[in-house]
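Inside the fold
Here are the chains, one letter per residue:
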Amino acid sequence: LAAAYEGFQVNTVGRVDGGPGIYTPAKAMSCEPGDDVNYGSEFYGDHEWGGSLDEFRFLHTPEAIYHHYRGLYLSIYPDNLVIEYFGNKADATPFQKQAVAEARVLRAYNYFLLACYWGTPPFVDHLLDASVIPVKSDDPNSPEGSPKSQKEYFQWVGDQCMMAVDDLSERASTGDKEGAYRVTKGFALAMAGKAYMFAEDFGKAKECLKRVIDSGKYALVDGKDFMDQFHIQGDGSPEKVFEVNFRYNAAAGEWSDGSGYGWNVHSTWMEPNSMQIRSDKFVKQCLNVYTGSVTGWGSIGVPEWYGEAFALNDNGHGKPRGEKGEYQSDRFRATLMHIDDMVYGESGIEAIDNYYKSMPAKHADRVKSNKIGIKAGRKGHYGQSFWIPIKHVIRAGDAEEPDGGTWSTGHRLNNIIIMRYAEVLLNYAECCCRTNDNATAKTYVNMIQQRAGSKTISDNVDLETVKKEKAWEMWFEDS
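A brief structural summary. (Residues numbered from 1 in each chain as written. Predicted model: local features only at pLDDT ≥ 70, side-chain atom pairs only at ≥ 80, totals over all residues. Heavy atoms only, no water.)

**A few points about the overall build of the protein chain**
Across its full length, the protein chain carries 18 helices and six strands. Per-residue burial for the protein chain yields a buried fraction of 57% across its 479 residues. Across the protein chain, the fraction of contacts at a sequence separation of at least 24, relative to all contacts at a separation of at least 6, is 68%. (Helix = DSSP H or I, 4+ residues; strand = E, 2+ residues; numbered from the N terminus. Buried < 20%, exposed > 50% of the residue type's maximum accessible area, 1.4 Å probe, protein only. Contact = heavy atoms within 4.5 Å.)

Structure representation (structure tokens):
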């Protein structure tokens, strides 16, 4: 079972065994092609890893796509080992049954991603002889029992998760951190609900998701703690349904523990650098007091329309920046920041704002100062956008060694989120809308809006409302 979790961490959400040393393809695949993300970097052609995905300009074997596809099957292999060797034992112990159930759900998650991206990928639910060459599952030569369509793939994923539920452990309470670090009944049900939703079996999806809600094992954190969910302080919070737990082991070494898996391989190494803005292009490198010593590549641009629409929804205005004291929701403040607020020290992040204490008090006077602002040079160096993506920017604590040192290259030690409770609520609301139960959907959408501190609290909820709320709540989260 340890090999199954190892494979999941390294190959599903991590660096990919034997793949590039610094890039992790999972987030690039799920987020970069979105309309709410723009390719950005120091110059065009820099960070092609994500840029080619964002602009849909790649050949048949682009790096991120190739390595993610390969990594998902590398992750499936140890799952199949556990299931094949212990799944049919008549005298299996409770622990062995639980191990099989956990491996089954991890495998189902991998196939969910494969079906999302490749429709009907090769179906490999057992160990294969070396002579076997897998084919797409809708190929006439695919094995008996293979899903034949993408929708059947999603149905299979949901069924596999439900098959596992009875043998899984359950999170003890909202305060049980360990219960967020492994596959539990809650995650299996949440994943089953998501898969059935994608299969358009909305009634069954609602049943699964409602069981997670009714369990009482998960809860939305307070709005003031929203930002912490994406940093080390939020690991194992009441909102985490499942996340990959990062455990630092100095004895393993940075890159290798003797078998090729050092602690650095288990992190999303270098991913934070692509999300970080190029603060070295600022006259005063304000972000470094928040991040430690990490400077970024400015690879994630935020379209102007998205920043303005988000500001209008959550804050009640779409202005680039507001006067001191103007309303901002907890969610917006934790997700985006206008460039003016960053470079003039009016960000709402205490460490950054304190850094500007020696500057003129008034915004108008700060604008005139030659000690502040963007350095002369190529436009857009800071991230190709007026809006700065602050949500996943690494901060002090995320990248600190246990001995107190700080890495400068973006080693991220906080956990990798797979599912959080907000997504469960929004998926349930979507299924309610799709089954003409908009009144119930409103209850759960309002829960998300109220926790966000949004100025928009919907009186009526339809499918379009849910879609928009997902766009604000789940931005750049692999969901």
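Read on, since the account is not over.
**Quick word on the nonpolar core**
In terms of nonpolar packing, the biggest core is built from 68 residues, with Y111, F187 and V424 touching the most fellow members. Dropping the residues within four chain positions of it, V424 is found in contact with A190, L209, V212, I213, V241 and M419. Counting residues in hydrophobic clusters, the runner-up holds 23 residues, among them F226, M342, M359 and V393. (Core = buried A, V, L, I, M, F, W, Y, C linked by side-chain atoms within 4.5 Å.)

**A short note on the packing of helix 1 (residues 2-12) against helix 5 (residues 94-118)**
Following both chains from N to C, one finds helix 1 and helix 5 inclined at 20°, their axes separated by 10 Å at the closest point. Relative to helix 5, the element helix 1 is oriented roughly parallel. The way helix 1 lies across helix 5 gives a crossing that is left-handed. On helix 5, the residues touching A4, Y5, F8 and T12 of helix 1 are E102, L106, Y109, N110 and L113. (Axes fitted to C-alpha atoms, helices over the stretch in contact; angles between N-to-C directions. Parallel < 35°, antiparallel > 145°, perpendicular 65-115°, else oblique. Left-handed = near helix turned anticlockwise from the far one by under 90°.)

**Details of the side chain of K206**
Checked against the element boundaries, K206 lands in helix 8 (residues 202-215). Residue classification places K206 among the buried positions, given a relative accessible area of 18%. Non-local contacts of K206, meaning those with residues more than four positions away in its chain, are made with Y428, C431, C432, T435 and D437.

**Remarks on the pattern of salt bridges**
The tally for this structure, following the rule as stated, stands at 25 salt bridges. D214 is the partner of K210 in a salt bridge, and the nearest nitrogen-oxygen pair spans 2.8 Å. A residue pair is termed a helical-turn pair when its members lie 3 or 4 positions apart in one helix, as K210 and D214 do in helix 8 at four residues. Across the salt bridge formed by E477 and R420, the nearest N and O atoms sit 2.7 Å from each other. Highlighted residues: E477 in the segment after helix 18 (463-473) and R420 in strand 6 (residues 416-420), separated in sequence by 57 residues. (Salt bridge = Lys/Arg side-chain N within 4 Å of Asp/Glu carboxyl O.)

**Topic: unusual backbone geometry**
The backbone of F56 sits at a positive phi, close to 50°, despite the residue not being glycine. Along the chain, F56 falls in the loop between helix 3 (48-54) and helix 4 (63-86).

**Looking at the state of the cysteines**
Taken as a whole, this structure holds zero disulfides when the rule is applied. Of all cysteine sulfurs, the one in C208 lies closest to C161, which takes part in no disulfide; the gap is 8.7 Å. (Disulfide = S-S within 2.5 Å.)

**Observations regarding the pairing of strand 2 (residues 240-244)**
With five of five residues buried, strand 2 lies mostly within the body of the structure. As paired strands, strand 2 and strand 6 are joined by four bridges and run antiparallel to one another. Directly across from F242, in strand 6, lies its bridge partner M419. (Pairing = 2+ DSSP bridges.)

**Comments concerning helix 16 (residues 421-434)**
When the terminal C-alpha atoms of helix 16 are compared, their 20 Å separation across 14 residues agrees well with the 20 Å that a helix rising 1.5 Å per residue should span. With 13 of 14 residues buried, helix 16 lies mostly within the body of the structure. (Expected span 1.5 Å × (residues − 1).)

**Regarding the environment of I374**
Its location among the elements puts I374 in the loop between helix 15 (363-368) and strand 5 (387-389). With 93 residues separating them in the primary sequence, I374 and K281 have C-alpha atoms 6.1 Å apart.

**Let's talk about the packing of aromatic side chains**
Following the criterion strictly, the structure yields 29 aromatic pairs and no others. Geometrically, the ring pair formed by Y69 and W118 is edge-to-face, given 4.8 Å between the ring centres and 70° between the ring planes. Of this pair, Y69 sits in helix 4 while W118 sits in helix 5, and the two are 49 residues apart along the sequence. Residue classification places Y69 among the partly exposed residues on the basis of a relative accessible area of 29%. Clustering of aromatic rings is evident, with ring pairs tying together Y69, Y73, Y111, Y117, W118, F123, Y153 and W156. Above the plane of the ring of Y196 lies K204, whose end atom (NZ or CZ) is 5.0 Å from the centre. Of note, K284 hangs over the ring of Y355, and the distance from its end group to the ring centre comes to 4.5 Å. (Phe/Tyr/Trp six-rings, centres within 6.5 Å; stacked < 30°, edge-to-face > 60°. Lys NZ or Arg CZ within 6 Å of the ring centre and 35° of its normal.)

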